[in-house]
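If you want the building blocks of each chain, they are given just below.
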Amino acid sequence: MTIVLTPYWTNGVQKLKLAPQRMPLLFSPSQWIPIRRTAVKPKRGLVPPILDESVHALRCLNQLRSKDKSIEKYIYLSALKDQDPNMFYKLCLENMSEITPVIYTPTVGDACLQYSHIYRRPEGLFVSIKDKGNIREVINNWPRIDEARISVVTDGSRILGLGDLGVNGMPISIGKLSLYIAGAGIRPQSTVPICLDLGTNTQKYLDDPLYLGLRQKRVSDKEMTEFMDEFMHEMSAAFPKLMIQFEDFSTDNAFKYLERYRNKYAVFNDDIQGTGAVVLSGFLNAAKLSSAASGQPLSSHRILFFGAGSAGVGVAQQLMSFFTLQGLSKEEARRRIWLVDSQGLVYNARGRLAEHKKYFSRDDYNGAPMTDLVEIIKHVQPTALLGLSTITGAFTPEVIQTMASINARPILFPLSNPIRLSECSFADAVQYTNGSVLFASGSPFPEQQFRGTTLYPGQGNNMYIFPGLGLAAILGRVSSVTDSMVEASSLGLADSLNDEEHAQGLLYPRIERIREISGQIAKAVIRAAQREGVDRNESLRGLNDVDLLKLIREKMWTPQ
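Treat the numbers as computed from the prediction; the structure is a model and nothing was measured.

A.B. asks: Explain the overall build of the chain here, please?
C.D. replies: Counting secondary structure elements, the chain contains 22 helices and 17 strands. For the chain, buried positions account for 58% of its 560 residues. If you sum the accessible surface of the chain, you get close to 23800 Å²; carbon and sulfur atoms cover 49% of it. The chain carries 62 positive and 57 negative side-chain charges, and their two centres are separated by 4 Å.

Structural data, given as C-alpha cells:
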C-alpha cells in the first residue's frame, strides 16, 4: 500500500498527514502525527498585516454567535480547536457558561447522534474488537504516547439518555477531555480520547451507510471481558502515568468494570462516582437550607431516587456519605434511601432484582407493587426527590405539589441529561412549589422571576468534580482512585461557595470560577490520597496547604 505524506502547519506546529491511497476519505487516529516544534512567528505576508489577539478573540466569538443552531456551533468550535487550540481554550475560559453547553451537555448529545454524518477528521483513538490480541499495537500508534496522562474511554453503549450509539459516542470522550483542559488546566497534549468499538445493537446504525463503526451486534459478555482485560493491561503498560475515566458504559458493565479494575489501576467512573460526588455536594448545601426551614436535624432527611440505573445507584451510594457525616451508621444511612425503577418502588418481596439494586431494596414493605410516583411519595415522605430516569416530565405538577405539601423547602434534583430528558423544568418547579424549591438539574435552565425575586437554578454538572479530581490524580501520581478521594472532591466543592453565592441561595458556585474550584478540589483530593497511601509523588507530602495550592495553580496550563 502506498503512503502519501503531506506536511502542513497548524498554529505554528507542523504535522504530517498520512493518506493511504486505498483510504482517500477516512483516516485512523495514527494517521495524523503531530511533530513537536517550537512555535515560530509566521513569515511576513502569511497573515494579515494587523491581527490583534484580543480583537481576533472577539471575531471568533462573533462567528460562534452567528450560528443559529447548536450543532453548527459545535462544529465551528471543533474546527477552531483543531486549527487554533489556544484560541479555543481562551474562549472557553472567558465564556465558560456560554460555551460549556455547546462542547458538552446538552449539545454533545446531538453531536453523538450525528457523529457519523458530521465527521471531519479523527480526534481520538478507536480500538475495536477486531484488534483483540493486538491492542498494544493499536495503542502504540498514538502519536503522543509519552505525554499521555488522562484518558476518557467509552464503549458507546449508553450515551447520556440516548442509548447504544456505538462509535458515535466518541464526542463524549472528546468533550469530557476538553472540559478537563478548560476546567483544570490539564495540558491538551496529555489527553487521550478513546472509543471502544464492540459493535452496536442499534439497527439504524448498522443500516446507515455513513456509520463509522463495525457493522455487527455487540459481542458477548465473556468476549467483552476478555477484551477489556487485555485493553486495561496494555493501557497500563503503554501509559504508566495515566488515569482512565470510564464514561457511558451500560449500567451493568459500568459497575462491573469499575469494581474489576479500581484496585489494580487508576480508574474512575464518572457516571457512578462523578455524578454521585457532584450531587452529594449540592445536596449538602440544599439539606442545610431545607433543615433550617423545617427545624429538623440534617440526619432526618429521607431521599427518594426515581431511576435505578448506574447513575441512580451510584449517586445513592455516594449520598450515604451525607448521613455518615451526620453520625449515622452505614446501615442507618442505607435505610434513609429509597429507589424507584421502571416497575415502581424497589423492595425485596417484589421479586427478582438486578444485582446493583439489591443493596437499597426495602425489606420494610411487603404490599402490592407500588408504581404511582405520587403514591410512593406519600408512603416514603421524602425530603428530597432525585431524578435519574431520562423520562421527560416524570415530575408532574402533582408530583411537585405533593413534595411541597410535605416539606417547607422540598429538594428537587431532576438530573437526567440532555435537557429534553429532564424530569421537570426549573420554571415548573418554581411554579408548583410557590418558589420554595431547592433545585438542581443535570443540564442548564434559565433563572426565574418569582414575586419580585430572582431565583437561580443549580446545575449538578459533573464538570465541577472530574477536572479537579483528574488534576489531583496526575499531580499526585495516584495508583488508584479511592472512595475517600471522591468524597473529598465533593466536600471541597460544597465548601467552595463564596459570600455572594451564599447570599443568592446557590447550591453550586458559578461555573466561571471553575479553575479556582478545581484547584481547591485537587488539593483536597491529594490530601485524601496521601492519607490512604495511594499517592506516589512523595514531594507533595511535605508541602503545607498554602504551598500545595500554589503548586497546583502553577501546574495548570493556560492558553497564551
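A.B. asks: What's the story with the side chain of Asn168 in this structure? I'm lost.
C.D. replies: Here Asn168 lies in the loop between strand E5 (150–154) and helix H8 (170–184). Here Asn168 falls in the buried class, since its relative accessible area comes to 1%. Those residues in contact with Asn168 that sit more than four places away from it in its chain are Cys112, Tyr115, Ser116, Tyr205 and Tyr211.

A.B. asks: Teacher, can you tell me more about the sheet that holds strand E7 (residues 243–246) here?
C.D. replies: Pairing between the strands of a sheet is mediated by backbone hydrogen bonds and can be parallel or antiparallel. Read across the open sheet, the five strands follow the order E4-E6-E5-E7-E8; overall the sheet is parallel. Each edge of the sheet is formed by a strand with only one pairing partner; in this case those strands are strand E4 (125–128) and strand E8 (267–269). The average angle at which neighbouring strand axes cross in this sheet is 25 degrees, direction not considered. Across four bridges, E5 lies against E7 in parallel orientation. Paired with Ser151 across the two strands is Ile244, which belongs to E7. Against the sheet, helix H10 (residues 221–238) contacts E4, E5, strand E6 (191–197), E7 and E8, and its axis sits at roughly 160 degrees relative to E6. Contacts from helix H12 (residues 270–294) reach E7 and E8, with the element oriented near 70 degrees to E8.

A.B. asks: Got a minute to help me understand the environment of Leu388 in this structure?
C.D. replies: Assignment of secondary structure puts Leu388 in the loop between strand E12 (384–387) and helix H16 (397–406). Overall, Leu388 belongs to the buried group, its relative accessible area being 13%. Leu388 sits 315 residues away from Lys73 along the chain, and the two C-alpha atoms are 28 Å apart. With residues near it in sequence (within four places) discarded, Leu388 still touches Thr275, Phe305, Phe306, Gly307, Ala311, Gly312, Val315, Leu415, Ser416 and Glu423.

A.B. asks: Would you take a moment to explain the UniProt feature "active site" (unreviewed entry) in the chain for this structure?
C.D. replies: UniProt tags Tyr104 and Lys176 as "active site" (unreviewed entry). Taken along the chain, the residues just named run across 73 residues; in space they keep tight, none of their C-alpha pairs more than 7.2 Å apart. With respect to the helices and strands, Tyr104 occurs in the loop between helix H4 (96–103) and helix H5 (107–113). With a relative accessible area of 5%, Tyr104 lands in the buried category. In contact with Tyr104, other than residues within four places in its own chain, are Ile172, Gly175, Lys176, Leu179 and Glu247. Relative to the elements of secondary structure, Lys176 occurs in helix H8. Ignoring sequence-local partners within four residues, the contact set of Lys176 consists of Tyr104, Val152, Gln245, Glu247, Asp270 and Phe466. Side-chain polar atoms of Lys176 contact the side chain of Tyr104, separated by 3.2 Å.

A.B. asks: Honestly, the UniProt feature "binding site: a divalent metal cation" (unreviewed entry) in the chain in this entry has me stumped. Any pointers?
C.D. replies: Here, the residues flagged by UniProt with the feature "binding site: a divalent metal cation" (unreviewed entry) are Glu247, Asp248 and Asp271. For the annotated residues, spread through 25 residues, the largest C-alpha to C-alpha distance comes to 6.7 Å, consistent with a single compact locus. Apart from residues lying up to four places away in sequence, Glu247 is in contact with Tyr104, Val152, Val153, Thr154, Asp155, Ile172, Lys176, Asp270 and Asp271. Topologically, Asp248 is positioned in the loop between E7 and helix H11 (251–261). A residue is classified by how much of its surface remains accessible, and Asp248, at 2% relative accessible area, is buried.

A.B. asks: What exactly am I supposed to notice about the nonpolar core here?
C.D. replies: Burial of nonpolar side chains together is a common tendency in soluble globular proteins. Of all hydrophobic cores here, the largest spans 152 residues; its most connected members are Phe231, Phe246, Phe305, Leu386 and Phe413. Core analysis: the next-biggest nonpolar cluster, separate from the first, contains 28 residues, Trp338, Tyr365, Leu412 and Phe439 among them.

A.B. asks: Looking at this structure, I do not really get the packing of H4 against H8. What am I missing?
C.D. replies: When two helices pack together, you describe them by how their axes are tilted relative to each other and by the distance separating the axes. Taken N-terminus to C-terminus, the directions of H4 and H8 make an angle of 155 degrees; their axes are 10 Å apart at the nearest point. It follows that H4 is roughly antiparallel to H8 by the angle criterion. Of the residues in H8, those touching H4 at Met96, Thr100 and Ile103 are Gly175, Ser178, Leu179 and Ala182. Among the residues forming the contact of H4 with H8, the class breakdown is four nonpolar, three polar and no charged.

Criteria and cut-off values
- Residues numbered from 1 in each chain as written.
- Predicted model: local features only at pLDDT ≥ 70, side-chain atom pairs only at ≥ 80, totals over all residues.
- Heavy atoms only, no water.
- Helix = DSSP H or I, 4+ residues; strand = E, 2+ residues; numbered from the N terminus.
- Buried < 20%, exposed > 50% of the residue type's maximum accessible area, 1.4 Å probe, protein only.
- Areas by Shrake-Rupley, 256 points an atom, 1.4 Å probe, with all protein chains shown as cover.
- Lys, Arg positive; Asp, Glu negative; His and termini not counted.
- Charge placed at Lys NZ, Arg CZ, Asp CG, Glu CD.
- Contact = heavy atoms within 4.5 Å.
- Pairing = 2+ DSSP bridges.
- Axes fitted to C-alpha atoms, helices over the stretch in contact; angles between N-to-C directions.
- UniProt positions renumbered as here; feature names shortened; annotations may be inferred.
- Polar contact = N/O pair within 3.5 Å; in protein donor to acceptor, adjacent residues only side chain to side chain.
- Core = buried A, V, L, I, M, F, W, Y, C linked by side-chain atoms within 4.5 Å.
- Parallel < 35°, antiparallel > 145°, perpendicular 65-115°, else oblique.
- Nonpolar A, V, L, I, M, F, W, Y, C, P; charged D, E, K, R; others polar.

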